Amino acid sequence: KTACVGKSVLDLPALTSQWVPELRRRGQSSYASAIDNCLWDILGKTVGLPVYRILGAYRNRVLAYASSQHHATIEQFVQEVQKCQAEGFKAYKIHPPSPRGGHDYKLDIEVCRAVRKAAGDDFILLHDPVGVYTREEAIKVGRAVQELDFVAYEDPIPTTDVEGLVDLCRALDVPIHIGEFIFSIYDYAEYIRRGALDVVRLIVDNIGGITGGMKVAHTAECFGLECAPHNWGEVFDHAVHFHLELAMPNNVWFEMTVPQGT
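Scoring rules and cut-offs
- Residues numbered from 1 in each chain as written.
- Predicted model: local features only at pLDDT ≥ 70, side-chain atom pairs only at ≥ 80, totals over all residues.
- Heavy atoms only, no water.
- Helix = DSSP H or I, 4+ residues; strand = E, 2+ residues; numbered from the N terminus.
- Rg over C-alpha atoms; globule rule 2.2 N^0.38 Å.
- Buried < 20%, exposed > 50% of the residue type's maximum accessible area, 1.4 Å probe, protein only.
- Contact = heavy atoms within 4.5 Å.
- Areas by Shrake-Rupley, 256 points an atom, 1.4 Å probe, with all protein chains shown as cover.
- Lys, Arg positive; Asp, Glu negative; His and termini not counted.
- Charge placed at Lys NZ, Arg CZ, Asp CG, Glu CD.
- Pairing = 2+ DSSP bridges.
- Right-handed = clockwise from strand over helix to strand, strands pointing away.
- Core = buried A, V, L, I, M, F, W, Y, C linked by side-chain atoms within 4.5 Å.
- Expected span 1.5 Å × (residues − 1).
- Patch = residues over 30% accessible without salt bridge, like charges linked within 9 Å, V, L, I, M, F, W, Y side chains within 5 Å.
- Salt bridge = Lys/Arg side-chain N within 4 Å of Asp/Glu carboxyl O.
- Axes fitted to C-alpha atoms, helices over the stretch in contact; angles between N-to-C directions.
- Parallel < 35°, antiparallel > 145°, perpendicular 65-115°, else oblique.
- Left-handed = near helix turned anticlockwise from the far one by under 90°.
- Nonpolar A, V, L, I, M, F, W, Y, C, P; charged D, E, K, R; others polar.

Observations concerning the overall build of the protein
At step 1: Each helix and strand counted, the protein has twelve helices and eight strands in total.
At step 2: Expected size for 262 residues packed as a compact globule is a radius of gyration near 18 Å; at 19 Å, the protein falls within 12% of this value.
At step 3: Considered along the principal axes of its C-alpha atoms, the protein spans approximately 60 × 40 × 35 Å.
At step 4: Buried residues in the protein amount to 50% of all 262 residues.
At step 5: Counting contacts in the protein only where the partners sit at least 6 residues apart, residues at least 24 apart contribute 68% of the total.
At step 6: Surface summary for the protein: the accessible area is close to 12900 Å², and the carbon and sulfur share equals 55%.
At step 7: Taken as two groups, the 25 positive and 34 negative side-chain charges of the protein have centres that lie 3 Å from each other.

Let's talk about the pairing of strand β3 (residues 124–127)
At step 1: Where strand β2 (residues 91–95) lies against β3, four bridges are found, and the strand directions are parallel. Following the sheet pairing, Y92 is matched in β3 by L125.
At step 2: In terms of handedness, the path from β2 via helix α6 (residues 105–119) over to β3 forms a crossover that is right-handed.
At step 3: Note: β3 against strand β4 (residues 152–154), two bridges, orientation parallel. Bridge pairing links L126 to A152 in β4.
At step 4: Remark: the β3/helix α7 (residues 135–147)/β4 crossover connection has right-handed handedness.

A word on the nonpolar core
At step 1: Within the largest apolar cluster, 63 residues are counted, with the highest numbers of intra-cluster contacts made by Y92, I94, V115, Y153, Y191, V200 and L202.
At step 2: Here this core takes six residues from α6, the largest share from any one element.
At step 3: Setting aside chain neighbours within four positions, we find Y191 in contact with T159, T160, V162, L165, I178, I182, A196 and L197.
At step 4: Formed by five residues, the second largest nonpolar core is a distinct cluster that contains Y65, A91, L126 and W253.

Some points on α7
At step 1: A rise of 1.5 Å per residue sets the reference length of α7, with its 13 residues, at 18 Å; its end C-alpha atoms lie 18 Å apart and thus fit the reference within 8%.
At step 2: Taken residue by residue, α7 has E137, A138, I139, V141, G142, A144 and V145 as its buried positions.
At step 3: Buried residues along α7 sit in contact with α6, β3, β4 and α8 (162–171).
At step 4: Downstream of α7 by a residue or two, D149 has a phi angle that is positive, lying close to 65°.

What about the sheet that holds strand β8 (residues 253–257)?
Hydrogen bonds between backbone groups are what pair the strands of a sheet, and the pairing can be parallel or antiparallel.
At step 1: Strand order across the open sheet formed by eight strands is β7-β6-β5-β4-β3-β2-β1-β8, with parallel pairing between neighbours. Both outer strands of the open sheet, β7 (226–227) and β8, are each paired with one neighbouring strand and no more.

Some remarks on the environment of D161
At step 1: Assignment of secondary structure puts D161 in the loop between β4 and α8.
At step 2: Each C-alpha atom of the pair D161 and Y58 lies 34 Å from the other, and the pair is 103 residues apart in sequence.

Topic: the pairing of β2
At step 1: Burial of β2 is extensive: five of the five residues sit out of reach of the surface.
At step 2: Side chains of β2 alternate between two faces, with A91, K93 and H95 and Y92 and I94 buried alike.
At step 3: As a crossover connection, the stretch from strand β1 (residues 63–70) through helix α5 (residues 74–87) into β2 is right-handed.

Some details on a nonpolar patch on the surface
At step 1: A contiguous nonpolar surface patch, about 300 Å² in accessible area, is contributed by W19, V20 and Y186.
At step 2: In this structure, V20 sits in the loop between α1 (12–16) and α2 (21–24).

Topic: helix α12 (residues 235–247)
At step 1: Helix length check: α12, at 13 residues, gives a terminal C-alpha distance of 19 Å against a target of 18 Å (1.5 Å per residue), a fit within 8%.
At step 2: Within α12, the full set of buried residues consists of D237, H238, V240, H241, L244, E245, L246 and A247.

Looking at the packing of α7 against α8
At step 1: Here α7 crosses α8 at 25°, and the two axes come no closer than 11 Å. Comparing their axes, α8 and α7 come out roughly parallel. For the pair α7 and α8, the crossing hand works out as right-handed. Across the interface between the two elements, R135, A138 and I139 from α7 touch E163, G164, D167, L168 and A171 from α8.
At step 2: Each residue belonging to the contact of α7 with α8 can be placed in one class, and the counts come to four nonpolar, one polar and three charged.

A few points about the packing of helix α11 (residues 209–222) against α12
Packed helices, taken two at a time, are described by the angle their axes make and the gap between the axes.
At step 1: One can describe the packing of α11 onto α12 by two numbers: an axis separation of 10 Å at closest approach and a directional angle of 35°. Considering only the axes of α11 and α12, their crossing is right-handed. Seen from α11, the contacting residues are I210, G213 and M214; seen from α12, they are V240, L244 and A247.
At step 2: Residues belonging to the contact of α11 with α12 are distributed by class as follows: five nonpolar, one polar and no charged.

By themselves, these observations are geometric and do not establish any function.
Structure follows, in structure tokens:
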């Protein structure tokens with residue numbers, strides 16, 4: 001409250017930017033990110049326009065993919081992808097099981113194979129183990145999803161393993177999606193310069209809200225890279241990232257959590 005009272009939403013960068021070294025060295029403040037989102041909302045209501053129109057609309061719709069929960073069994077994934085197809089989704093992302101709180105890369109491969117068989121050869125599939133694999137496991141799973149014609153392989157290993165990500169990007173043809181666990185706009189440059197990702201992801205909470213999200217999207221665009229924001233979560237998460245995606249020339253997908261409403 002003390003940062004915002006008496007200020008104008010037009011001074012948004014001055015209120016939420018973390019460019020100064022004292023702030024930049026610590027990583028992005030989630031509070032500043034939340035304030036940024038609210039200021040854009042206030043501005044939109046004031047001028048009577050949706051936020052994406054103020055940002056500079058590129059489109060008015062985005063292709064959605066269904067994004068799964070971490071189900072326990074292969075059968076649950078098979079049933080869900082079939083349900084999503086019946087509902088009209090054109091694509092489905094697997095968040096694989098977490099048996100006993102861990103992971104089993106061999107089980108994950110079986111899930112991917114079963115989902116591909118159930119969904120058919122023409123249905124679009126993505127895979128996101130949320131950074132749990134070792135480098136060796138990531139290569140094995142990556143080769144499997146590549147053979148199964150998946151279009152995305154997200155966070156196969158921890159984001160902090162930049163060298164490992166560089167090796168994966170070189171070794172695999174399936175696009176590697178990275179960025180969900182990057183916590184400042186100023187940390188993306190190394191990943192892009194070194195080829196540690198093929199598609200840039202982001203969460204606005206981590207990088208300065210809508211303002212930071214658009215900065216990352218524009219940076220990716222300048223390097224000829226797609227930007228695919230993370231939308232997994234509640235309605236507010238979906239809404240904020242959706243406005244970003246409508247303003248991004250280099251976005252393809254809208255991630256929709258299923259079951260819807262969770």
